[in-house]
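Residues per chain are reported as follows:
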2 protein chains.
Amino acid sequence: MMAGKGFVRTISVDTPSLNNNTADAQRLEKCLLDELKTDKIRIPLSMLKKLPSNIRQWGFKAKAVVFKDRQSWILLDLLDQESGMPVLGAAIDIGTTRMVISLMDLETGHEIGQKGFDNPQAVIGPDVLARIHYSNKNSGLKELNDLVIDAVNFNMAALCKEHGFQKQDIYLVVGAGNTVMTQLFLGIESIEIIKEPYIPCVNIPDTLSAGDLNLDINASGLAFFFPNIGSYFGGDLIAGILFSGLDQKQDPCIMVDVGTNAEIVVGYKDWLIACAGAAGPALEGGVSKMGMTANPGVIDRVWIDPDSKNLRIHTIGEKKPVGICGSGMIDLSASLFLSKKIDITGKFSKQACKDRLVEKEGVPCFVLVDEIHSGTGKAISLSQVDLNSLTSSKAAMYTILEVIVKNTAGLEFKDLQKFYVAGTFGSFIRPESAIAIGMLPDIPMEKFEVLGNSSLGGAKLLLKNPDAFERIMKIRQSITYIELNVNQEFMNMFSGAKFYPHTDRSLFPSLKGFP
Amino acid sequence: MMAGKGFVRTISVDTPSLNNNTADAQRLEKCLLDELKTDKIRIPLSMLKKLPSNIRQWGFKAKAVVFKDRQSWILLDLLDQESGMPVLGAAIDIGTTRMVISLMDLETGHEIGQKGFDNPQAVIGPDVLARIHYSNKNSGLKELNDLVIDAVNFNMAALCKEHGFQKQDIYLVVGAGNTVMTQLFLGIESIEIIKEPYIPCVNIPDTLSAGDLNLDINASGLAFFFPNIGSYFGGDLIAGILFSGLDQKQDPCIMVDVGTNAEIVVGYKDWLIACAGAAGPALEGGVSKMGMTANPGVIDRVWIDPDSKNLRIHTIGEKKPVGICGSGMIDLSASLFLSKKIDITGKFSKQACKDRLVEKEGVPCFVLVDEIHSGTGKAISLSQVDLNSLTSSKAAMYTILEVIVKNTAGLEFKDLQKFYVAGTFGSFIRPESAIAIGMLPDIPMEKFEVLGNSSLGGAKLLLKNPDAFERIMKIRQSITYIELNVNQEFMNMFSGAKFYPHTDRSLFPSLKGFP
């Protein structure tokens, strides 16, 4: 499917004669316009300088590396078809915490390798707010920009080396990140994002010269960044929508991405509605702060043993447990609720928990792993405070889903054909558990689909398929972005959702038979 | 007329608010698209980096420097409206022998100053052929390119300094030259231009970054070069057509440009026909080689004193005569013919010339200035060999005009509403003299118009008026370029034109009463 349809095309230019004495560049231009079925292409000077001797030496055939911006196609390079020179691209998920680079073969569309690493800007500030403040002081912006660019260059070079390529083989970089991460990657002033009326510098960064960004790839290389809708709805989400294919679905679907923020898109080919960002006080210290990141020894799954009815755990890498991550906490709370150790108001039941419930500094704590079995020598437990926070988070999530699906889109949950869960959170969460605590709506299990890193997925998709370019612009253009209005109605809905699974038990028919 | 309509626009961007929270770049983009009445503009990264603080500091007003290429408009810079920062452009006539730079104020459209200098590539080769051969060896192309770029940088800087500007004030360079000069300016391989089938590398050089050409102007500066029709019909001619306005005339007109080559365009708003280049053997050693260039002491005018009937001369700078230039030679031959010292076959008449005719190495020579009055101590004379060469040239010119106007365009000379004479040659020629010897057709004197340096004129016109961009592309697209076919019919016409003024005396009714 890829051959000749991606960003690398094999072309054959008309041979000149006394009757066809148009210049080489114009014959090349005509050939490319025909090949790309377009009427505009830019051919840079660097391509022209040796065009006459190259094109004759290659028998008027070449491999053309092309990309585009909103205005026209752009020729990046011409290569000898016989040379076997590789043409690579790099997709980058510019996460606030964690970044991932995927090295792609632009001719076959195959992934060559992937590398994940911490966003080095985290040493300056853990979140976007801290980094924006830092960027506004002295050389702060340049420091932050250097950090991320250096890390990307280092990791792209390492990926190339590992797989036997040169960094000059990379022609395209496609990045997807939230609005702040994208602006800091571009070295753009970002303080206005956090000052009323919260204006980003740019919604649609145009295709850029990689050299202008100090990206150490081919000298003719270009870089593209997914556009954003605003300060709180970034290119990572647009990449996610592209990856999920929401914009092409025949029936309404939903995509939920919980990373640093919670972002939700519902819609299909005819319309897309999105809501994103911090949902006011309800989400503060909310979903994203649940538990540890998924490292070895972290408990990622908890379930009730069907025979003994005891809780069982699984740790990443099957190491001795050292803590618990978000998905583990959802499993745990679901297990506790289903075994009646948490009541419908979200409080530990002394009666059911028995000696697993201890008091620490006056706060009830459920001991999941005692100090003997813990990898840290300390017991791993869930305090009532942790649980309250989880309760708020799950209630906020459910309420937001209700608002966007029911109040805004005018649908019922059952109308959704697919429920895509994206982001780090989505990669590990088990929908059964999330439904059990009333975090996700009670819809059939087969409708849930984990997308994994949809931001990276969208970036990779563009590298494979030029048609994605127009889809991206269309998605951006057509999304209706709604600000979550935390009013009295919202707070009422939120209050109901703080119960387990909900004050309106009829919303969760699959839990029939459970407490 | 210029204010706000050129390449510098005063703009006012919408102020953001909670209800208009589009990004700064997108509000700027919208404002520029409205201002320019277009749907495509590229805003480079360098503009974005400080956009948020700049645009707020300037109260959401700015002076925008814009230019364009075939694909879209391009934003070059944003300046504080209050700063009074100048915005300049440089028009360059890239002549094979002589170059001229004009420094322009892009806001008012006024010329600030002009500088002429020899094309430094002449030290490597006097003509395009020698330079192309040199460019094809080792580092020859780079040497030639460096020579011309260095000279342009030097002279632009000098012009700026003279008039109290900085070289960074220059944002646009517009160059017009023949196809070879343009390609060498761009550092492009050019050997194919002189190898069958004579293919230039590029017909339409796209708008380029000035930095890519090592032009030392504003870092965001762009450079535009007039497109060509082929190896023998360069951008200088397209610039000339633009300058003459031939493409907008209501009735057929003609433009003749005699520089290194003879180039002729006839036409008006509905069509344009051009012929150019060496017209085979007839023009070899022809028009362009007549006489010296116009330096002090060179005889530029010759006439018959009405009283004494003696020849009178004028020299440039009114110095003692040191030689004679092309226009002087045409005047001289006309005066000699009108006073019967040259007969209708183009031979000196011993009888009429009397003692002014001497023999040098067996060749008759007409002494115009004797050694006593000459500035060099040597007599200044016109030999029969010189005269034969002039005769060939004038016959070739007339024949080419006849072929293009009568045989090709199907017009009569009297149908031409204007006869534009461009180029160095045209700046000095006196049509009366050219008609007297049968070089130019016998049409009313008021139809002749000297354009001067039309190549520079066209480049300056583009700097003043963005609309010229589309005119240039349209002129290039619409010209019918004819190869001059030196066949038997041409040679027959040529033979007749070698007489003074012509074998068909009826073609020159204004010479009635003369010999």
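Residues numbered from 1 in each chain as written. Chains lettered and ligands numbered in written order. Predicted model: local features only at pLDDT ≥ 70, side-chain atom pairs only at ≥ 80, totals over all residues. Heavy atoms only, no water.

### Considering the sheet that holds strand β2 (residues 41-42) of chain A
Each strand in a sheet pairs with another by means of backbone hydrogen bonds, the pair being arranged parallel or else antiparallel. Residues and elements named next belong to chain A. Judged by pairing direction, the sheet is mixed, and its four strands sit side by side in the order β1-β3-β4-β2 without closing on themselves. Whereas interior strands pair on both sides, the edge strands pair on one side only; in this sheet they are β1 (8-12) and β2. Both β1 and strand β3 (residues 61-68) contribute to a ladder of five bridges, which runs antiparallel. Counterpart to T10 in the pairing with β3 is K63. On the sheet, helix α1 (residues 24-36) packs against β1, β2, β3 and β4 (73-79) and is oriented at approximately 125° with respect to β1. (Pairing = 2+ DSSP bridges. Helix = DSSP H or I, 4+ residues; strand = E, 2+ residues; numbered from the N terminus. Contact = heavy atoms within 4.5 Å. Axes fitted to C-alpha atoms, helices over the stretch in contact; angles between N-to-C directions.)

### A few points about the environment of F428 of chain A
All names here are of chain A. Note that F428 resides in helix α11 (residues 423-428). Judged by relative accessible area, which is 37%, F428 ranks as partly exposed. Counting along the chain gives 124 residues from F428 to I304, while the straight-line C-alpha distance between them is 18 Å. Beyond its immediate stretch of four places on either side in the chain, F428 contacts A294 and S327. (Buried < 20%, exposed > 50% of the residue type's maximum accessible area, 1.4 Å probe, protein only.)

### Looking at the sheet that holds strand β13 (residues 271-276) of chain B
Residue and element names in this part refer to chain B. Ordered in space as β21-β20-β11-β12-β13-β22, the six strands form an open sheet in which the pairing is mixed. Where the open sheet ends on each side, the last strands, each with one partner, are β21 (448-452) and β22 (479-481). Across the sheet, the axes of successive neighbouring strands diverge by a mean angle of 20°, strand direction being ignored. Bridge count between strand β12 (residues 262-268) and β13: six bridges; the pairing is antiparallel. Across the sheet, residue V266 finds its bridge partner in β13, namely I273.

### A look at the packing of aromatic side chains
All names here are of chain A. Applying the stated criterion across every chain yields a total of 32 aromatic pairs over all chains. Between F67 and F469, the ring centres sit 6.2 Å apart and the planes meet at 80°, which makes this aromatic pair edge-to-face. Taken as a pair, F67 in strand β3 and F469 in helix α14 (residues 467-478) lie far apart in primary sequence, 402 residues in all. Considered together, F67 and F469 belong to a single accessibility category, that of buried residues. In this structure, K394 is placed above the aromatic ring of Y500, and the distance from its NZ or CZ to the ring centre is 4.8 Å. (Phe/Tyr/Trp six-rings, centres within 6.5 Å; stacked < 30°, edge-to-face > 60°. Lys NZ or Arg CZ within 6 Å of the ring centre and 35° of its normal.)

### Some details on the relation of the copies chain B and chain A
Rotating chain B by 180° about the axis while translating it 0.0 Å along that axis superimposes it on chain A, leaving an RMSD of 0.1 Å. Read as a symmetry element, the transformation amounts to a two-fold axis. Distance from the rotation axis, computed per C-alpha, reaches its smallest value in chain B at Q71 of chain B: 3.3 Å. Most of the interface of chain B is mirrored in chain A, where 100% of its interface residues are also at the interface. (Least-squares fit on C-alpha atoms with pLDDT ≥ 70 in both.)

### Re the packing of helix α4 (residues 128-135) of chain A against helix α6 (residues 179-186) of chain A
All names here are of chain A. At a minimum axis distance of 10 Å, the contact between α4 and α6 shows a crossing angle of 30°. Of the two elements, α4 crosses α6, and the hand of that crossing is left-handed. Between α4 and α6, the contacting residues are V128, R131, I132 and S135 on the first element and V180, M181 and L184 on the second. Of the residues belonging to the contact of α4 with α6, the class tally is five nonpolar, one polar and one charged. (Left-handed = near helix turned anticlockwise from the far one by under 90°. Nonpolar A, V, L, I, M, F, W, Y, C, P; charged D, E, K, R; others polar.)

### A word on the interface of chain B and chain A
Counting from both sides, the interface comprises 45 residues of chain B and, opposite them, 45 residues of chain A. Applying the counting criterion to the chain B and chain A interface returns four salt bridges. Here R56 of chain B and E192 of chain A are joined by a salt bridge, their closest N and O atoms 3.2 Å apart. Applying the counting rule to chain B against chain A returns 22 residue pairs in polar contact (both at pLDDT 80 or more). (Salt bridge = Lys/Arg side-chain N within 4 Å of Asp/Glu carboxyl O. Polar contact = N/O pair within 3.5 Å; in protein donor to acceptor, adjacent residues only side chain to side chain.)

### Some words on the pattern of salt bridges
Scanning the entire structure with this criterion turns up 46 salt bridges over all chains. Between E449 of chain A and K418 of chain A there is a salt bridge, with the nearest N and O atoms lying 3.0 Å from each other. Residue E449 of chain A is found in strand β21 (residues 448-452), and its partner K418 of chain A is found in the loop between α10 (384-408) and β20 (419-422); the two are separated by 31 residues along the sequence. Since its relative accessible area comes to 24%, K418 of chain A is described here as partly exposed. Measuring nitrogen to oxygen at the nearest pair gives 3.4 Å for the salt bridge that ties E192 of chain B to K195 of chain B. Residues participating in the shared-partner salt-bridge network are D24, R27 and R56 of chain A together with E192 and K195 of chain B.

### Quick word on a nonpolar patch on the surface
A cluster of nonpolar side chains, contributed by L18 of chain A together with Y198 and Y232 of chain B, occupies part of the molecular surface with about 270 Å² of accessible area. Locating Y198 of chain B in the fold gives a position in the loop between α6 (179-186) and β9 (208-209). A relative accessible area of 31% places Y198 of chain B in the partly exposed class. (Patch = residues over 30% accessible without salt bridge, like charges linked within 9 Å, V, L, I, M, F, W, Y side chains within 5 Å. Areas by Shrake-Rupley, 256 points an atom, 1.4 Å probe, with all protein chains shown as cover.)

### Some words on the side chain of R430 of chain A
All names here are of chain A. For R430, the position within the fold is in the loop between α11 and α12 (431-436). In terms of polar contacts, R430 uses its side chain to reach the side chain of D331, at 3.2 Å. Apart from residues no more than four positions distant in its own chain, R430 is found in contact with R301, V302, W303 and D331.

### Looking at the side chain of K341 of chain A
Within the secondary structure, K341 of chain A is located in the loop between α8 (326-338) and α9 (350-353). Apart from residues no more than four positions distant in its own chain, K341 of chain A is found in contact with L336, K347, F348, S349, A352, C353 and F366 of chain A.

### Side note on the pairing of strand β13 (residues 271-276) of chain A
Residue and element names in this part refer to chain A. The buried fraction of β13 is high, at five of six residues. The turn joining strand β12 (residues 262-268) and β13, which pair antiparallel and follow one another in sequence, is formed by two residues. Where β13 lies against strand β22 (residues 479-481), three bridges are found, and the strand directions are parallel. Its bridge partner being in β22, I273 is matched across the sheet by T480.

### Section: α6 of chain A
Residues and elements named next belong to chain A. Counting buried positions along α6 yields eight of eight residues, so the element is predominantly enclosed. Burial in α6 covers these residues: T179, V180, M181, T182, Q183, L184, F185 and L186. The opening residue of α6 is N178, an N-cap whose side-chain oxygen sits 3.1 Å from the backbone nitrogen of V180. Within two residues after α6, G187 carries a phi angle of roughly 75°, on the positive side.

### Structural notes on unusual backbone geometry
All names here are of chain A. With an omega dihedral of 0°, the bond running from E196 to P197 counts as a cis peptide bond. Considering the arrangement of structural elements, one finds P197 in the loop between α6 and β9 (208-209). The amide bond that connects Y500 to the next residue, P501, takes the cis arrangement and shows omega of -10°. Locating P501 in the fold gives a position in the segment after α15 (488-497). Residue F60 is not a glycine yet carries a positive backbone phi of 65°.

### A look at the packing of α10 of chain A against α15 of chain A
When two helices pack together, their arrangement is given by the angle between their axes and by how far apart the axes lie. Residues and elements named next belong to chain A. Taken N-terminus to C-terminus, the directions of α10 and α15 make an angle of 130°; their axes are 8 Å apart at the nearest point. Put simply, α10 runs oblique to α15. Considering how the two elements wind past one another, α10 and α15 form a crossing that is right-handed. The segment α10 lies against α15, with S392, K394, A395, A396, Y398, T399, I400, E402, V403 and N407 engaging E489, F490, M493, F494 and A497. (Parallel < 35°, antiparallel > 145°, perpendicular 65-115°, else oblique.)

### Some thoughts on the confidence of the model for chain A
Looking at chain A as a whole, the pLDDT averages 92, with 94% of positions reaching at least 70. The ipTM value of the predicted complex is 0.90, and its pTM value is 0.90. (pLDDT = per-residue confidence, 0-100.)

### A look at the pairing of strand β5 (residues 88-94) of chain B
All names here are of chain B. With seven of seven residues buried, β5 lies mostly within the body of the structure. Judged by which residues are buried, β5 turns out to be covered on both faces: L88, A90, I92 and I94 on one side and G89, A91 and D93 on the other are all buried. Turn length for the β5-strand β6 (residues 98-105) hairpin, with the two strands adjacent in sequence and antiparallel, is three residues. Sheet topology note: the β5/strand β8 (residues 170-177) ladder contains seven bridges and is parallel. Residue I92 lies in a different strand from β8, and its bridge partner there is G175.

### Things to note about the environment of P444 of chain B
Residues and elements named next belong to chain B. Structurally, P444 can be placed in the loop between α12 (431-436) and β21. You can call P444 partly exposed: its relative accessible area is 38%. Counting along the chain gives 209 residues from P444 to G235, while the straight-line C-alpha distance between them is 30 Å.

### Details of helix α4 (residues 128-135) of chain B
Residues and elements named next belong to chain B. Of all the residues in α4, the buried ones are R131, I132 and S135. All buried residues of α4 project into a common sector of 100° when viewed along the axis, lining one side. Contact partners of the buried residues in α4: α5 (140-162) and α6. (Arc of directions from axis to C-beta.)

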